[in-house]
Amino acid sequence: MSNSAERDTEMANGEAEEDSADEQELLLGGLEKLVILPGQTSHAASFQIEQEDHTLGNSLRYFINKNPDVEFCGYTIPHPSETKMHIRIQTWEDTPTTAFDALRKGLEDMIEACDVVTEKFTDARDGFEASKQ
Amino acid sequence: MAYYGTNGYGDDAMDTESSGPKVTVREVESGRCDFVLQNCPLALANSLRRVMLAEIPTIAIDLVEVESNSSVLPDEFLAHRLGLIPLNSMNVASGLQYTRECGNCDDHCEQCSVTLRLHVKCSSPENLLVFAKDLIMVDGRTDDIGKPVIRDSAGNGPLLAKLRNGQELKLSCIAKKGIAKEHAKWAPSAAIGFEYDPNNKLRHVDYWYEVDAKDEWPVNQKNAEWESEETAADFTFNPDAQPSAFFFDLEATGVLEPDEIVHQGVDVLQKKLAEIINGLTRSDEGMNGGMSPDGYEPAPAEDDYAYGRGGTTPYGATAYGQNGYGGY
Ligand SMILES: [Zn+2]
């Protein structure tokens, strides 16, 4: 499958990467965190994310859907006893945004939103402490 | 940091989200924090709630070696009670390894575990009470990770067992890092109150009632008053309205401070996202190598959508067919 072929090219890319790949494998018991499911095109792809559930799935779906270049984004957990989450992304064909770009953008936007939440919480918590004195 | 809305596109000025999230802390007491998160998507607020409940790493007793147990409680019973004893988990996320990932040892070591010993014997006609304070940390670490959390005025901690004259308990416990998704003993939060739209203005809830829903479902007054007039119960229904304020009431178990739970919750979420970005970068590189047979498959001309071709996925037509998506 695509999985093993990708791994082969990776190994050819050099030592440093091989190390990080090994580390990942150890954490996930030999499974890839992200697998691109067969049948992808540039503007439509399904991704399989290992060891994630609704905690990430629903938010990520939301952030990807925020992108005006995205035509469709949905997630599913195909089987309750497998720790896999699938996320399907389709972008409009007349935009340069590929499904991969849309996923990356969604992930980055959510990281940024998280940054703001901690920042605002810290401010509010410090403010509360100050108001008590 | 410049923040241009949770979507990063800045084009929907009508969207309340473009003003960015806002947090108000309403109440703080030992082990509890009540705060309101505003201008934040429901999805993100719920992710934060879920992650604070189940995915923040803490430390708890995981293995118990019983040398002697002449108490009335069976070994398993004791082991279960020991697992539930709150142990100080400050800095566990960065300062302690998961035993399964530890590169320093084959079984466990001071970098991935904390050992606590218990040795008590009752030698008086009166019953002896065994408390969490009787757990003694063995050598090893210089920080307080794994120390039993004791918050009662007597300084005892939770009661573990009672011994009669002549009964003895001698055991050693290995505490390990873990998350509540694996076992609830690793939970940093006892409960998280989570509510939005207390007046049910959005009609997300259809209340069951005997006679009158208003009488039978009392609203949280504190939260209801927080909301603006447009969200009052008798205001007209707007089907496009989005929830705007999320009321969190975070109750900690004592292993972490409530503030720390919020910060680490966000940290855990961001780590998950970063890990996927990593995976995406790695698979991108794999594709650019051009070696992957399945790597890039152009769509058939007559069909724009790959999912329409049913049989091309390993899950057959149902995976992406008309009724496949239950998730959203
Ligand atoms: Zn170790």
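Residues numbered from 1 in each chain as written. Chains lettered and ligands numbered in written order. Predicted model: local features only at pLDDT ≥ 70, side-chain atom pairs only at ≥ 80, totals over all residues. Heavy atoms only, no water.

## Considerations on the domain arrangement of chain B
You'll often see interface size given as the accessible area lost when the parts meet. All names here are of chain B. Examined at the domain level, chain B breaks down into domain 1 (6–55 + 190–252) and domain 2 (58–186). Taken together, the five residues of domain 1 in the interface contact four residues of domain 2. Approximately 340 Å² of surface area, both sides summed, lies buried where domain 1 meets domain 2, with 43% of it carried by carbon and sulfur atoms. When residues of domain 1 are sorted by the area they lose upon contact with domain 2, Ser30, Ala54 and Glu55 head the list and together hold 79% of the total. Residues Lys181 and Glu55 are paired through a salt bridge, measuring 3.8 Å at the closest nitrogen-oxygen approach. Across the domain 1-domain 2 interface, the total number found is three residue pairs in polar contact (both at pLDDT 80 or more). Class assignment for the residues of the side of domain 1 that touches domain 2 results in two nonpolar, two polar and one charged. (Domains from an automatic or database assignment. Contact = heavy atoms within 4.5 Å. Buried area = accessible area lost by both parts, 1.4 Å probe. Salt bridge = Lys/Arg side-chain N within 4 Å of Asp/Glu carboxyl O. Polar contact = N/O pair within 3.5 Å; in protein donor to acceptor, adjacent residues only side chain to side chain. Nonpolar A, V, L, I, M, F, W, Y, C, P; charged D, E, K, R; others polar.)

## Considerations on the environment of Glu67(B)
Mapped onto the fold, Glu67(B) is located in strand 3 (residues 58–69). Separated by 47 residues in sequence, Glu67(B) and Gly20(B) have C-alpha atoms that sit 57 Å apart. (Helix = DSSP H or I, 4+ residues; strand = E, 2+ residues; numbered from the N terminus.)

## Some points on the sheet that holds strand 2 (residues 44–50) of chain A
Residue and element names in this part refer to chain A. One open sheet accounts for four strands, arranged 1-2-4-3; its pairing is antiparallel. Only two strands of the sheet have a single neighbouring strand rather than two, namely strand 1 (34–36) and strand 3 (70–76). Across the sheet, the axes of successive neighbouring strands diverge by a mean angle of 20°, strand direction being ignored. Helix 3 (residues 54–65) rests against strand 2, strand 3 and strand 4 (84–91) of the sheet, and its axis sits at about 175° to strand 3. The strands touched by helix 4 (residues 99–132) are strand 1, strand 2, strand 3 and strand 4; relative to strand 2, the strand with the most contacts, the crossing angle is about 45°. (Pairing = 2+ DSSP bridges. Axes fitted to C-alpha atoms, helices over the stretch in contact; angles between N-to-C directions.)

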